[in-house]
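Here is what each chain is made of, one letter per residue.
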Amino acid sequence: MKGVFISTYCCQMNVNDTERMYSLLEMADYVRVQDPEQASLIILNSCSVREKPVHKIYSEVGRYRKLKDKNPDLRIGVGGCVGQQEKSNLIKTAPLIDFVFGTDSIDQLPEIISESYKRETNNNKNDSKSKVVNAQFKHSEPYHIETLVRNPGVATFINITKGCDNFCSFCVVPFTRGRERSRPMAHILKDIQTLTQRGVREV
């Protein structure tokens, strides 16, 4: 199995998204590792609220240069809010990044990684054509997801709604999480039933 290390920045929503990424990648034969040196896949789940968020991403990616030199097959990806905002600009400035995905593209993560490997086979590693960027909002699509929790404890999170339509002058959420979309009530209740059967007592 291949090792995956996810570096998570900031908010509780990102922590929840990271858990989802690990669950999806586990189904694609990846195993979570605690040290990036053990990983064949490194993902930075970024946050736009922190001070100088883009610089922090470039700084962390730069720290993985030696790992990439040692293992050319190592994949480095950027997701989260900075990935959503910056898109292909991240790759132009930091060629070490192999793929960028937005907050609406998390469920396509296994396919994005697979596409990254395919493109590198057909193109030069440093060519922009070998990079994958998937950061489009899917405003018109219904918000249907299944809660994925690998090891639920006594309490866990269930997504009910995402995004916001208010566009307050001080807030970045509509630009990084998209327009407001809500899950159907029946789907939420089904998730709660499934989780309580696994021992969860608080959602």
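Computed from a predicted model, the values in this text were never measured in an experiment.

## With respect to the overall build of the protein chain
Alright, step 1. Along the backbone of the protein chain there are 8 helices and 8 strands.
Alright, step 2. Compactness check: the protein chain gives a C-alpha radius of gyration of 17 Å against a globular reference of 17 Å for 203 residues, within 12% of the reference.
Alright, step 3. Projected onto its principal axes, the C-alpha positions of the protein chain cover 50 × 40 × 30 Å.
Alright, step 4. Counting only residues that meet the buried cut, the protein chain has 47% of its 203 residues in that class.

## Remarks on empty space enclosed by the protein
Regions of empty space are outlined by a rolling probe, equal in size to a water molecule, passed over the atoms.
Alright, step 1. In the structure shown here, the tally under the stated rule is 2 cavities of 30 Å³ or more.
Alright, step 2. Residue lining of the largest cavity: N16, D17, E19, R20, I145, E146, T147, L148, V149, F157 and N159, and that is the complete set.
Alright, step 3. The residue inventory of the lining of the largest cavity, partitioned by class, reads 4 nonpolar, 3 polar and 4 charged.
Alright, step 4. Approximately 30 Å³ is the volume attributed to the second largest cavity.
Alright, step 5. What lines the second largest cavity is simply V4, Y22, E26, Y30, V31, R32 and R150.
Alright, step 6. Elements represented by at least two residues in the lining of the second largest cavity include exactly α1 (12–27) and β2 (30–32).

## Quick notes on the layout of surface pockets
Alright, step 1. Here the largest pocket defines a volume of roughly 290 Å³.
Alright, step 2. Looking at the largest pocket, it is lined by 19 residues, and the ones nearest its centre are D104, D107, Y143, I145 and K162.
Alright, step 3. Here the lining of the largest pocket takes 3 residues from α1, the largest share from any one element.
Alright, step 4. Among the residues forming the lining of the largest pocket, the class breakdown is 5 nonpolar, 5 polar and 9 charged.

## Thoughts on the pattern of salt bridges
Alright, step 1. In total, this model carries 9 salt bridges according to the counting rule given.
Alright, step 2. Put simply, R177 and D17 hold a salt bridge, and the shortest N to O gap is 2.7 Å. Of this pair, R177 sits in the loop between α7 (173–176) and β8 (181–182) while D17 sits in helix α1; the two residues are 160 residues apart in sequence, bridging distant segments of the chain.
Alright, step 3. The exposure class assigned to R177 is buried, which follows from its relative accessible area of 9%.

## Describing the nonpolar core
Within soluble globular proteins, side chains that are nonpolar generally end up buried alongside one another.
Alright, step 1. I42, L44, I57, L90 and I97 are the most contacted members of the largest nonpolar core, which has 22 residues in total.
Alright, step 2. Broken down by element, the residue count for this core peaks at 3 residues, all from helix α2 (residues 53–63).
Alright, step 3. Those residues in contact with L44, other than ones at most four positions away along the chain, are S7, Y9, I57, E60, V61, Y64, I76, G77, V78 and G79.
Alright, step 4. Y22, L24, L41 and F101 belong to the second-largest nonpolar core, a separate cluster that totals 17 residues.

Basis of the calculations
Residues numbered from 1 in each chain as written. Predicted model: local features only at pLDDT ≥ 70, side-chain atom pairs only at ≥ 80, totals over all residues. Heavy atoms only, no water. Helix = DSSP H or I, 4+ residues; strand = E, 2+ residues; numbered from the N terminus. Rg over C-alpha atoms; globule rule 2.2 N^0.38 Å. Buried < 20%, exposed > 50% of the residue type's maximum accessible area, 1.4 Å probe, protein only. 1 Å grid on protein atoms, 1.4 Å probe; cavity = no way out; pocket = protein on both sides within 12 Å on 5 of 7 lines; lining within 4 Å. Points joined across faces, edges and corners; volume = space filled by probe spheres on them. Nonpolar A, V, L, I, M, F, W, Y, C, P; charged D, E, K, R; others polar. Salt bridge = Lys/Arg side-chain N within 4 Å of Asp/Glu carboxyl O. Core = buried A, V, L, I, M, F, W, Y, C linked by side-chain atoms within 4.5 Å. Contact = heavy atoms within 4.5 Å.

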